[in-house]
Amino acid sequence: MNNSESTYHVPVLLKESVDGLNINPSGTYVDATFGGGSHSREILSRLNDAGRLYSFDQDEDAKKNSIDDSRFTLIEANFANIKNFLRLEGVRQVDGILADLGISSHQINVPKRGFSTRYDEKLDMRMDQQADFSAFDVVNQYSERDLQMIFSQYGDLRNAKTLASAIVSAREEEPIRTTGALISVVEKHFPKLKRNKFLAKLFQAIRIEVNGEVEALKQLLMQSAMLIKPGGRLSVISYHSLEDRLVKRFIRDGQFQGQPEKDMYGNVFVPYKKVGKLIIPTSEEVEQNPRARSAKLRIAERTEHKFE
């Protein structure tokens, strides 16, 4: 890993996630979350001259990490539209897709992006910096009921109703414009000894809503089953329970709710079969990179079943 990569983002489960792709050296692969480029560089290191890698990132800051390699293409877009953008590149099927979900170290560490609880900055949290919708809109325009829902579902916050009520009451006096102002409204409702943990969950919930991360992940998973060839691999690293449940459920059932489809003979139709067990970082990796502590890696192989 070069210095610019490590400064931008410290990769999690790097070797394990790329190993999970079981790479064909002449195959075509997708890194759905380019970021600092560490996973992409690792994939490229395992490809021969015939291999190809297409990487996605909607954050314009990621462009500075682009790789000068004829086998590599960086697509500046949200992975929710992965199928259409690959078609524009003339690609209809791939041998594997890797996704490292969540937020990059760079996004957290740049104060003006508004992702971190450490800095008092404008409420932003947009991964796509050209987008109009930001954390300011969520905090100041969402109803109390909607705020409660996102805090509960996306942040696993048990006092979601109290937090939502406090925010709505505060913004009636004046808009909540900065991360510092938001923290001052809610922090009295968190245990002092767990303040940072609960604030991180609150910011996570708002970030997920701002960027439509749940729907984007669903789209990625469904489209992956249309893109990956039978025998190809899906390798996904998630960082919170909601993401992991969606990945686990889709691999198991081919859908996000209800029972898996069956044919007329009662055979279960699923686009994937899981490969191995859930993989989590070693204690050594977590010690070196504390942000790895909640990471979960799931690997699946595409079956012969058609998915539309």
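Structure: above.
Residues numbered from 1 in each chain as written. Predicted model: local features only at pLDDT ≥ 70, side-chain atom pairs only at ≥ 80, totals over all residues. Heavy atoms only, no water.

The next subject is the side chain of Gln129. In this structure, Gln129 sits in the loop between helix H5 (105-109) and helix H6 (135-141). Every residue in contact with Gln129, bar those within four places of it in the chain, is listed here: Asp59, Glu60, Asp61 and Arg113. (Helix = DSSP H or I, 4+ residues; strand = E, 2+ residues; numbered from the N terminus. Contact = heavy atoms within 4.5 Å.)

Here we come to empty space enclosed by the protein. Gaps left between atoms are located by rolling a probe of water-molecule size over the structure's atoms. Taken as a whole, this structure holds 1 cavity of 30 Å³ or more when the rule is applied. If you add up the space inside the largest cavity, you get close to 480 Å³. Forming the walls of the largest cavity are 35 residues, and the residues nearest its centre are Thr33, Phe79, Asp100, Gly102 and Met127. Among the secondary structure elements, those contributing two or more residues to the lining of the largest cavity are helix H3 (38-44), helix H11 (213-227) and helix H12 (241-253). Among the elements that make up the lining of the largest cavity, the one with the highest residue count is H11 (4 residues). (1 Å grid on protein atoms, 1.4 Å probe; cavity = no way out; pocket = protein on both sides within 12 Å on 5 of 7 lines; lining within 4 Å. Points joined across faces, edges and corners; volume = space filled by probe spheres on them.)

What follows concerns the environment of Ser66. You can see Ser66 is positioned in the loop between strand S2 (52-56) and strand S3 (72-75). When the C-alpha atoms of Ser66 and Phe34 are compared, they prove to be 8.8 Å apart, with 32 residues separating the residues in sequence. Dropping the residues within four chain positions of it, Ser66 is found in contact with Phe34, Arg41, Phe72 and Leu74.

Turning our attention to the sheet that holds S3. An order of S3-S2-S1-S4-S5-S9-S8 is seen for the 7 strands of this open sheet, with the pairing classed as mixed. Each edge of the sheet is formed by a strand with only one pairing partner; in this case those strands are S3 and strand S8 (272-274). Neighbour-to-neighbour, the strand axes of this sheet turn through a mean angle of 20 degrees, independent of strand direction. With 6 bridges connecting them, strand S4 (residues 94-100) and strand S5 (residues 228-238) associate as parallel partners. Note on S5: the bridge partner recorded for Leu98 is Ser235. The strands touched by H11 are S4, S5, S8 and strand S9 (296-302); relative to S5, the strand with the most contacts, the crossing angle is about 155 degrees. (Pairing = 2+ DSSP bridges. Axes fitted to C-alpha atoms, helices over the stretch in contact; angles between N-to-C directions.)

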